[in-house]
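Remarks on the overall topology
Listed below are the residues making up each chain.
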Amino acid sequence: MDIGGFGFGLPHGLFGAMGFQVTDVTLPPSPPHPPIADFIEPFMDPFCASVLHRLAAGTLNHLAALIFMRESPGAVHAFHYACEFERRGALPADAPRLILFNLIPVASSAADPFNQSEIARVKAELAQAECAPSPPKHPAPATALQSLELAQADGQISGADAFDLRAAIADSPFISPAVQPPASTPPKSPRIALLGTPFGNSALHGLLDQIGTLAIDQQALDQTRAAAGDDFQTALAAQSANPYAARQPCDVFADTISETIISQSIEQVVWQVDTHDDLWGWLAPDVRAASKRAGAGFIDLGHLPRWPKEACLTHVKERLFAEVAQ
Amino acid sequence: MTSHGHLSVSAQALAFQRDWAKSLRGDLANGTPYAFVNADTPHEVFHAMGMPVVVNQWWSSVIAAKQQSTHYLDRAAEMGFHDALAKYSALPLIAALDGDTDRQPWGGLPDPAILCARQSADDHQRIFQHWSRHTGAPLALFHAPAPPRNAPEWWARARDDWEAFYGTARLDLMQAQIQDLIAQVETLTGRDFDPKAFGAYMERIEEQELIYEDVSHMIAAAERLPVRISEQIPNVMIPQWHRGSDWAVAHAHRFRAEVADRVAQGSAVCPNERVRMMWIGAGLWFDTKFYTAFEREFGAVFAWSMYLPFAADGYVRHAKGDYLRALAARVVSMNEQLHQPPWANEWLVKQARDYRIDLAVVLVPENDRPSGYGTRFIVEDLRAAGVEVVEITADMVDARKWNSHSAMAAVTDGIKRAVQH
């Protein structure tokens, strides 16, 4: 029975330790599904809105269960809306079982027992959905994600290709695509870091690939670290150690980004947020300051849609070529 | 007691708050350690241990009342914080980062000894991490896991059946964090936590909240509105900030007595009352005259705001001897009950029925998503219950975007529709 996971930073290592392999259903867009569209406020996180539309349209009926990660931005609201739609009879009869996973990304005497109880509860709910733990049939995605991250940082793979390969892993974690470095070409300057709100497609990444080397993608850094670990101890430790977790309780993002910009020789930071962002924008001044301290350029592209089309990036392209391209 | 002008207790509440604020200001100036906290955190810990508390949302309303919100929101943009970020919870931070003490109320706040927030919204930890860095104060950050399902009729189950309703694991986590907070406050204050005194204090809070429940029932049942929400709110919220104190409990008694007297006399704020309205959302702090703007022409009164009825439903958690656990049950889903489906929509429909509401005016915060979620369910369910609904998009502290004319026009249209029913 297939299990879906919704949220950025899915803990694949932890799922593996629990005996499950989970397909990431976070990224795909969806047209509005009219029967529920009127209930979804325009400021709803776009990925949250998309999963709700897909649930109601029956697109996710192949899943036995859909796990919502509470600590992903907006995901708890997506979960409660989904439950409310279910209560009102607005979901298909064979919609997946809706499960909320409150995994707290911190190690403490208070959080540890709670996380253990959540793991037990989620396992019980999956059992109710007739999803039984089983030995993994395929490698967990963590290794593939780590390889992609390194290859991207080395300029062996473009930012867009890396994004698309990660999305392929998300679609089917049972497939670990081998990263084939292209024919040897020197990575071009500037070395770019793309930071801010995660995206649903690689349109902006492709644009940045034309400008320089998209070496660092915050979305990828989060995904890789959250997926790490091959047993309960290491997988749980990976959550608390992930400085890119959206709701990371510890104030570590600014310092980590600062170190990353320096250690990865980033020459240009590209910052952007979602139209209705209420989270990442709080970090913008820190990122700008870190870029300045490191001698890197900082460009704020402002509010961008999460599934940008090339046509709507025209003004972005003009600006990037004018201000960034060397 | 005056005639259907103001209640005498209203002036008493405002005077108390002024005196308290003056005293707090003096304490802060003398270097008394204080806590800067979000509204949905366990204030009871600080109160019980004699540590002054400044509530973020209260300070935000003070800044807004001083007509400084526009300036600070402009400063936020200059600092690099985009305009779509939450304002109500962040205005004080921006004022602090701005650093111009001449402009700030009271000349600005000194650095707190401790900060406290709950991760009930995605941005709370980011805002408070800024506070912590700016002030050097430690941040007591409470996690906010959600229940596996938002079971219905929370207001009925939460008073007694809270262990099962909120879940043992969540309550264990919340209680453990409360105990950690107690240890921190003990260190900061040099005082030991007294469980027995705390229990007595929690019982006093319960007494206070049940008085408010009486008042809510009286107002709901009265033939015509005896007390406007513009007076209900300070008579509830000021004591709520000081809940369980001798003054707060006594004030609640006085408030109930005056309201009861008004009801007994058939006193009405609007003798030609024809339409009863409910205001859904936080208070419109920069335009409170809005609440009385429809009385003369339409006989339309705002009879309900959340503050009075939420006092009992949100706060009463029968302790059964375990007061820290009861406090955990009070805090664990405090905000969520007002904003998540089906909790919010069910409760508001019940309230609308109790108060015989004809028209609901729903404030949809433009840039405060947590307060705006669930609105569509609320609107749908109120309409299904026969309540006319008007939605107004605005921000609780951002006066720049408040269009009073358009809001009044929308409510006027709603009143006319309600009258036709």
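Before reading on, note that the structure itself is shown above.
**Digging into the overall build of chain B**
- When helices and strands are tallied, chain B shows 20 helices and eight strands.
- The principal-axis extent of the C-alpha atoms belonging to chain B is close to 60 × 50 × 45 Å.
- Within chain B, contacts between residues separated by at least 24 positions form 80% of all contacts whose residues are at least 6 apart in sequence.
- Here chain B displays about 14800 Å² of accessible surface, and carbon together with sulfur accounts for 50% of that area.
- Each charge class in chain B can be summarised by its mean position, and for the 41 positive and 52 negative side chains these summaries are 3 Å apart.

**What about the pattern of salt bridges?**
- Enumeration over the complete set of coordinates arrives at 36 salt bridges over all chains.
- For Arg 88 of chain A, the salt bridge is made with Asp 381 of chain B, and the minimal N-O distance between the two is 2.7 Å. Taken together, the residues span two chains, with Arg 88 of chain A in the loop between helix 4 (75–87) and strand 4 (97–101) and Asp 381 of chain B in helix 19 (residues 375–384).
- Residue classification places Arg 88 of chain A among the partly exposed residues on the basis of a relative accessible area of 29%.
- Of the residues examined, Asp 381 of chain B reaches a relative accessible area of 17% and is grouped as buried.
- One salt-bridge network, in which partners are shared between bridges, spans Glu 84, Arg 87 and Arg 88 of chain A together with Glu 346 and Asp 381 of chain B.

**Quick notes on the interface of chain B and chain A**
- With 52 residues of chain B at the contact, the number on the chain A side is 57 residues.
- Between chain B and chain A the total buried area reaches about 4600 Å² when both faces are included, carbon and sulfur atoms providing 56% of it.
- In terms of surface lost to chain A, no three residues of chain B exceed Arg 126, Arg 369 and Tyr 373 of chain B, which account for 18% of the buried area on that side.
- For the pair chain B and chain A, the number of links is six salt bridges.
- Arg 133 of chain B is paired through a salt bridge with Asp 251 of chain A; the nearest N and O atoms lie 2.8 Å apart.
- Linking chain B to chain A there are 25 residue pairs in polar contact (both at pLDDT 80 or more).
- Class assignment of the residues belonging to the side of chain B that touches chain A gives a composition of 25 nonpolar, 15 polar and twelve charged.

**Points about the sheet that holds strand 5 (residues 191–196) of chain A**
All names here are of chain A.
- Spatially, 6-5-7-8 is the arrangement adopted by the four strands of the open sheet, whose pairing is parallel. Across the chains shown, the open sheet's two edge strands, defined by having one partner strand only, are strand 6 (213–217) and strand 8 (297–303). Neighbour-to-neighbour, the strand axes of this sheet turn through a mean angle of 25 degrees, independent of strand direction.
- Sheet topology note: the strand 5/strand 7 (residues 268–273) ladder contains five bridges and is parallel.

**Details of helix 7 (residues 159–171) of chain A**
- Relative to the 18 Å expected for 13 residues at 1.5 Å per residue, helix 7 of chain A spans 18 Å between its end C-alpha atoms, a close match to the ideal helical length.
- Every buried residue of helix 7 of chain A is listed here: Gly 159, Ala 160, Ala 162, Phe 163, Arg 166, Ile 169 and Ala 170 of chain A.

**Some words on the side chain of Glu 213 of chain B**
Residue and element names in this part refer to chain B.
- Take Glu 213: it is sitting in helix 10 (residues 195–221).
- Side chain to side chain, Glu 213 and Arg 159 meet in a polar contact 2.4 Å long.
- For Glu 213, the contacting residues outside a window of four places in its chain are Arg 159, Ala 312 and Asp 313.

**Side note on the layout of surface pockets**
Residues and elements named next belong to chain B.
- Of the volumes computed, that of the second largest pocket is approximately 390 Å³.
- As for the second largest pocket, its lining consists of 17 residues, of which Leu 139, Ala 140, Leu 141, Phe 142 and His 143 are closest to the centre.
- Counting residues per element, the ones that place at least two in the lining of the second largest pocket are helix 6 (124–135), strand 4 (139–142) and helix 9 (168–189).
- Looking at the lining of the second largest pocket, its residues break down into nine nonpolar, six polar and two charged.

**Thoughts on the nonpolar core**
- The biggest cluster of nonpolar side chains holds 174 residues, and the ones touching the most others in it are Phe 6, Phe 68 and Leu 204 of chain A together with Phe 46 and Leu 382 of chain B.
- Top element by residues in this core is helix 10 of chain B. It accounts for ten residues.

**Side note on unusual backbone geometry**
- A cis amide bond links Ser 189 of chain A with the next residue in sequence, Pro 190 of chain A, at an omega value of 0 degrees.
- Mapped onto the elements, Pro 190 of chain A comes out in the loop between helix 7 and strand 5.
- Although it is not a glycine, Gln 67 of chain B adopts a positive phi angle of roughly 60 degrees.
- Inspection of the secondary structure assignment puts Gln 67 of chain B in the loop between helix 3 (56–65) and helix 4 (69–79).
- In this structure, Lys 320 of chain B is a non-glycine residue whose phi angle is positive, near 50 degrees.
- Positionally, Lys 320 of chain B belongs in the loop between helix 14 (307–315) and helix 15 (323–331).

**Observations concerning empty space enclosed by the protein**
Residue and element names in this part refer to chain A.
- All told, the structure shown has eight cavities of 30 Å³ or more when counted by the stated rule.
- Here the largest cavity defines a volume of roughly 200 Å³.
- Taken together, 16 residues form the lining of the largest cavity, with Phe 8, Gly 9, Glu 71, Gln 239 and Ala 245 sitting closest to its centre.
- Across the lining of the largest cavity, the residue classes tally to ten nonpolar, four polar and two charged.

**Remarks on the environment of Arg 121 of chain A**
- Mapped onto the elements of the fold, Arg 121 of chain A is located in helix 5 (residues 111–128).
- Look at Arg 121 of chain A and you get buried, because its relative accessible area is 17%.
- Each C-alpha atom of the pair Arg 121 of chain A and Ile 99 of chain A lies 9.5 Å from the other, and the pair is 22 residues apart in sequence.
- Excluding residues within four positions of it along the chain, Arg 121 of chain A makes contact with Leu 100, Phe 101 and Asn 102 of chain A together with Pro 148 of chain B.

What counts as what
Residues numbered from 1 in each chain as written. Chains lettered and ligands numbered in written order. Predicted model: local features only at pLDDT ≥ 70, side-chain atom pairs only at ≥ 80, totals over all residues. Heavy atoms only, no water. Helix = DSSP H or I, 4+ residues; strand = E, 2+ residues; numbered from the N terminus. Contact = heavy atoms within 4.5 Å. Areas by Shrake-Rupley, 256 points an atom, 1.4 Å probe, with all protein chains shown as cover. Lys, Arg positive; Asp, Glu negative; His and termini not counted. Charge placed at Lys NZ, Arg CZ, Asp CG, Glu CD. Salt bridge = Lys/Arg side-chain N within 4 Å of Asp/Glu carboxyl O. Buried < 20%, exposed > 50% of the residue type's maximum accessible area, 1.4 Å probe, protein only. Buried area = accessible area lost by both parts, 1.4 Å probe. Polar contact = N/O pair within 3.5 Å; in protein donor to acceptor, adjacent residues only side chain to side chain. Nonpolar A, V, L, I, M, F, W, Y, C, P; charged D, E, K, R; others polar. Pairing = 2+ DSSP bridges. Axes fitted to C-alpha atoms, helices over the stretch in contact; angles between N-to-C directions. Expected span 1.5 Å × (residues − 1). 1 Å grid on protein atoms, 1.4 Å probe; cavity = no way out; pocket = protein on both sides within 12 Å on 5 of 7 lines; lining within 4 Å. Points joined across faces, edges and corners; volume = space filled by probe spheres on them. Core = buried A, V, L, I, M, F, W, Y, C linked by side-chain atoms within 4.5 Å.

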